[in-house]
There are 2 protein chains.
Amino acid sequence: MGLPTALVRTRFLVDAAYADAVRDYGITSQQAQLMCLVIAGPRGMCDLAGVLGLAKSSLTGLVDRTAKRGLVHRVPDPSDGRAQLVALTEEGADVAERMHASTVQHVDNLAYGLSESERELLASLLSRVITDNEVPKVFGEGDRAQASA
Amino acid sequence: MGLPTALVRTRFLVDAAYADAVRDYGITSQQAQLMCLVIAGPRGMCDLAGVLGLAKSSLTGLVDRTAKRGLVHRVPDPSDGRAQLVALTEEGADVAERMHASTVQHVDNLAYGLSESERELLASLLSRVITDNEVPKVFGEGDRAQASA
DNA sequence: TATTGTTATACTCTATAACTATA
DNA sequence: TATAGTTATAGAGTATAACAATA
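Please read these numbers as outputs of a predicted model, since none were measured by experiment. (Residues numbered from 1 in each chain as written. Chains lettered and ligands numbered in written order. Predicted model: local features only at pLDDT ≥ 70, side-chain atom pairs only at ≥ 80, totals over all residues. Heavy atoms only, no water.)

Student: I tried to follow the UniProt feature "domain: HTH marR-type" (unreviewed entry) in chain A on my own but got confused; where do I start?
Tutor: When the UniProt feature table is mapped onto this chain numbering, "domain: HTH marR-type" (unreviewed entry) sits at residues 1-131 of chain A. Within residues 1-131 of chain A, the helical portion is 66% and the strand portion 9%, while the C-alpha atoms at the span's ends are 24 Å from each other. (UniProt positions renumbered as here; feature names shortened; annotations may be inferred. Helix = DSSP H or I, 4+ residues; strand = E, 2+ residues; numbered from the N terminus.)

Student: I keep staring at the pattern of salt bridges and nothing clicks. Help me out?
Tutor: A side chain of one charge can pair with a side chain of the opposite charge when the charged atoms of the two come close. Per the stated rule, a full pass over the model turns up 16 salt bridges over all chains. B:Arg11 is paired through a salt bridge with A:Asp15; the nearest N and O atoms lie 2.7 Å apart. Of this pair, B:Arg11 sits in helix H1 (residues 3-23) while A:Asp15 sits in helix H1 (residues 3-23), each in a different chain. Across the pair B:Arg119 and B:Asp108 runs a salt bridge, and its minimum N-O distance is 2.4 Å. Here the residue B:Arg119 occupies a position in helix H6 (residues 116-132), and B:Asp108 occupies one in helix H5 (residues 90-109), the gap between them amounting to 11 residues. On the basis of relative accessibility, which here comes to 13%, the residue B:Arg119 falls in the buried class. (Salt bridge = Lys/Arg side-chain N within 4 Å of Asp/Glu carboxyl O. Buried < 20%, exposed > 50% of the residue type's maximum accessible area, 1.4 Å probe, protein only.)

Student: What am I meant to see in the interface of chain B and chain A here?
Tutor: A common way to report how large an interface is uses the accessible area buried once the components associate. If you look at the interface, chain B gives 47 residues, while chain A gives 47 residues. Here chain B meets chain A over a buried area of about 5100 Å², counting both sides, of which 69% is carbon and sulfur. The largest contributions to the chain B side of the interface with chain A come from B:Arg9, B:Arg11 and B:Phe12, which together make up 15% of the buried area. Taken together, the connections running from chain B to chain A amount to four salt bridges. For the interface between chain B and chain A, the tally reads 16 residue pairs in polar contact (both at pLDDT 80 or more). Of all the secondary structure elements, the ones that give two or more residues to the side of chain B that touches chain A are H1, helix H2 (29-37), H5 and H6 of chain B. For the side of chain B that touches chain A, the element with the highest residue contribution is H1(B), accounting for 14 residues. (Contact = heavy atoms within 4.5 Å. Buried area = accessible area lost by both parts, 1.4 Å probe. Polar contact = N/O pair within 3.5 Å; in protein donor to acceptor, adjacent residues only side chain to side chain.)

Student: How do you make sense of the packing of H2(B) against helix H4 (residues 56-68) of chain B when you look at a structure like this?
Tutor: Between two packed helices, both the angle of their axes relative to each other and the distance between the axes serve to describe the pair. Residue and element names in this part refer to chain B. Relative orientation of the contacting elements H2 and H4 amounts to 90 degrees, with a least axis distance of 10 Å. Regarding the angle of H2 to H4, the classification is roughly perpendicular. Judged by residue contacts, Gln-30, Gln-31, Leu-34 and Met-35 of H2 engage Leu-59, Leu-62, Val-63, Arg-65 and Thr-66 from H4. Residues of the contact of H2 with H4, tallied by class, amount to five nonpolar, three polar and one charged. (Axes fitted to C-alpha atoms, helices over the stretch in contact; angles between N-to-C directions. Parallel < 35°, antiparallel > 145°, perpendicular 65-115°, else oblique. Nonpolar A, V, L, I, M, F, W, Y, C, P; charged D, E, K, R; others polar.)

Student: Explain H2(B) to me, please; I cannot follow it from the model alone.
Tutor: Counting along an α-helix, one turn takes 3.6 residues, and residues three or four places apart therefore face a common direction. Of all the nine residues making up H2(B), eight are buried; the element is thus mostly covered by neighbouring parts of the structure. Taken as a whole, H2(B) has its buried residues at B:Ser29, B:Gln31, B:Ala32, B:Gln33, B:Leu34, B:Met35, B:Cys36 and B:Leu37.

Student: I would appreciate a short explanation of the pairing of strand S3 (residues 84-88) of chain A in the present structure.
Tutor: For a regular strand, side chains alternate in direction, first toward one face of the sheet and then toward the other. Residues and elements named next belong to chain A. Of all five residues in S3, four are buried, a share of seventy percent or more. Relative to S3, strand S1 (residues 43-44) runs antiparallel, the two being bridged by two bridges. Counterpart to Gly-44 in the pairing with S3 is Leu-85. Examined bridge by bridge, strand S2 (residues 72-76) and S3 share five bridges and lie antiparallel to one another. (Pairing = 2+ DSSP bridges.)

Student: Please explain the protein's contact with DNA strand D as it appears in this structure.
Tutor: Near DNA strand D there are 23 residues, and of these A:Cys46, A:Lys56, B:Thr28, B:Ser57 and B:Arg65 occur at the shortest range. What you see for DNA strand D is that sugar and phosphate hold 65% of its atoms within 4 Å of the protein. Between a phosphate oxygen of DNA strand D and a side-chain N or O atom of B:Arg69, the distance comes to 3.1 Å. Put simply, the parts of the chain that give the surface near DNA strand D at least two residues each are helix H3 (45-52) and helix H4 (56-68) of chain A together with H2 and H4 of chain B. Looking at which element gives the most residues to the surface near DNA strand D, the answer is H4(B), with four residues. When grouped by side-chain class, the residues that make up the surface near DNA strand D number six nonpolar, 10 polar and seven charged. (Near = heavy atom within 4 Å.)

Student: Can you help me understand the packing of aromatic side chains in this one?
Tutor: By convention here, two paired aromatic rings are described through the distance between centres and the angle between planes. All names here are of chain B. Tallied over the entire structure, the rule returns two aromatic pairs over all chains. On the basis of an interplanar angle of 70 degrees and a centroid distance of 6.3 Å, the ring pair of Tyr-18 and Phe-139 is categorised as edge-to-face. Residue Tyr-18 is found in helix H1, and its partner Phe-139 is found in the segment after H6; the two are separated by 121 residues along the sequence. The pair formed by Tyr-18 and Phe-139 is uniform in burial state, with each residue classed as buried. (Phe/Tyr/Trp six-rings, centres within 6.5 Å; stacked < 30°, edge-to-face > 60°.)

Structural data, given as structure tokens:
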């Protein structure tokens, strides 16, 4: 199987595992992705729209729906009167933590057939591709921040 | 970077490249995926819904919209009076062919930083994961069929 | 009775255009 | 004037429930 085919099928596989993992928490993939982006701290709407590749108004709606579930909220940006920052609520921080761990578990299981050294090799090759393409930290490690609820 | 994080970020990267590639043809990722699944020949609605992990009615809508664009059409299943098969139209087969090639190109470019042997290694490791998890052929190589238009 | 598919309805996701408010 | 964000509107994607037709 060629590399492009392998990458596209991997996308399909990981996508399903991701959606499965977060569905247990009653949220959609998009809402989960939004939450992952603000785990490390509040971020502005424009910033988030840029990272997610969404129109501003699309993000407004996504934040609205996620806020309605009590997982995020808007806080005014002290350095810019026009801007709003999106932050996790206390409940959101808790859900994000558990959802992240569950997703790691689900996705990790996909590689059950690989040996430890093969997993490391795969991770390092993918890391190269990710770094080369400057993929934003849409799913991260460490860097939790306090909820500003 | 751990393997789960690398896989989730890869999903994000490939997803964007895939959407980019097919947008040039005026279709959505979902419609492109549907078309890829019937490149090798007509398939039934239930079959497709199962592979895509969609509710039956969701697929009805997806097929409706793709058919409205003239890319697929329904043909009765000769072996089951209840069933409909989804097939590419002539235009759909043409679009699918070009869109597939373009997607391969886009996705292949993501690995520009890897040497030829690294690409082969990455492809083989991902192939193992794909095979282990019995990922359906949502994006394939070879196996073109004639359009039944 | 079970299966295939559609329809009705509702919600989520997304984009474009027009708008408000602040820089 | 440019930027941050929202609102209005429309279309695409998805699910559940009820239904029709065939197996």
